[in-house]
Amino acid sequence: MPFGIASFRIAGFILWPFGRTTVEKPGAGAASCVGNVIWLVFAGWWLAIAHLVTSIPLFLSIIGIPFGWANLKMIPISLMPLGREVVPTDEAWGAR
């Protein structure tokens, strides 16, 4: 169940990454750490490599540069999505 919720969190962030960022939840706990290790082994590396590889051609055009940055912004949540939440950019510093 937590992996499905994390997948929907990533999908929502991918749908509209502009003006939002991810922060760590302070009380995530040890279960999210174990879940992140499982996620990293089975899905995280592939997603992070895919975001990195697809950002390179986006940086080649002026129109694609913001999308390339947005693609690079998705790498941390793709690697370890459990214990993180997506917040608006102006709330990122207050939420920490």
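Scoring rules and cut-offs
- Residues numbered from 1 in each chain as written.
- Predicted model: local features only at pLDDT ≥ 70, side-chain atom pairs only at ≥ 80, totals over all residues.
- Heavy atoms only, no water.
- Bend = angle between axes of the 7 residues up to and from the residue.
- Helix = DSSP H or I, 4+ residues; strand = E, 2+ residues; numbered from the N terminus.
- Buried < 20%, exposed > 50% of the residue type's maximum accessible area, 1.4 Å probe, protein only.
- Salt bridge = Lys/Arg side-chain N within 4 Å of Asp/Glu carboxyl O.
- Polar contact = N/O pair within 3.5 Å; in protein donor to acceptor, adjacent residues only side chain to side chain.
- Contact = heavy atoms within 4.5 Å.
- pLDDT = per-residue confidence, 0-100.

A. Geometry of helix 2 (residues 30-58). A maximum bend of about 60 degrees is found in helix 2 at leucine 40. Within helix 2, the full set of buried residues consists of Ser32, Gly35, Asn36, Trp39, Leu40, Gly44, Ala48, His51 and Ser55.

B. A look at the pattern of salt bridges. In the structure shown here, the tally under the stated rule is one salt bridge. Between glutamate 24 and arginine 84 there is a salt bridge whose closest N-O contact spans 3.7 Å. Taken together, the residues glutamate 24 in strand 1 (residues 20-24) and arginine 84 in strand 2 (residues 84-88) connect sequence positions 60 residues apart. Judged by its relative accessible area of 59%, glutamate 24 falls in the exposed class.

C. Structural detail: the side chain of serine 78. Tracing the chain through its elements places serine 78 in helix 4 (residues 75-79). Judged by relative accessible area, serine 78 falls into the buried class, the value being 1%. A distance of 3.2 Å separates the side chain of serine 78 from the side chain of histidine 51, its partner in a polar contact. Residues within four places of serine 78 in sequence aside, it is in contact with Ile10, Trp39, Gly44, Leu47, Ala48 and His51.

D. Highlighting the confidence of the model for the protein chain. For the protein chain, per-residue confidence averages 84 on the pLDDT scale, and 93% of positions sit at 70 or higher. Ranking the elements of the protein chain by mean pLDDT puts helix 5 (residues 92-95) last with 54 and helix 2 first with 91.

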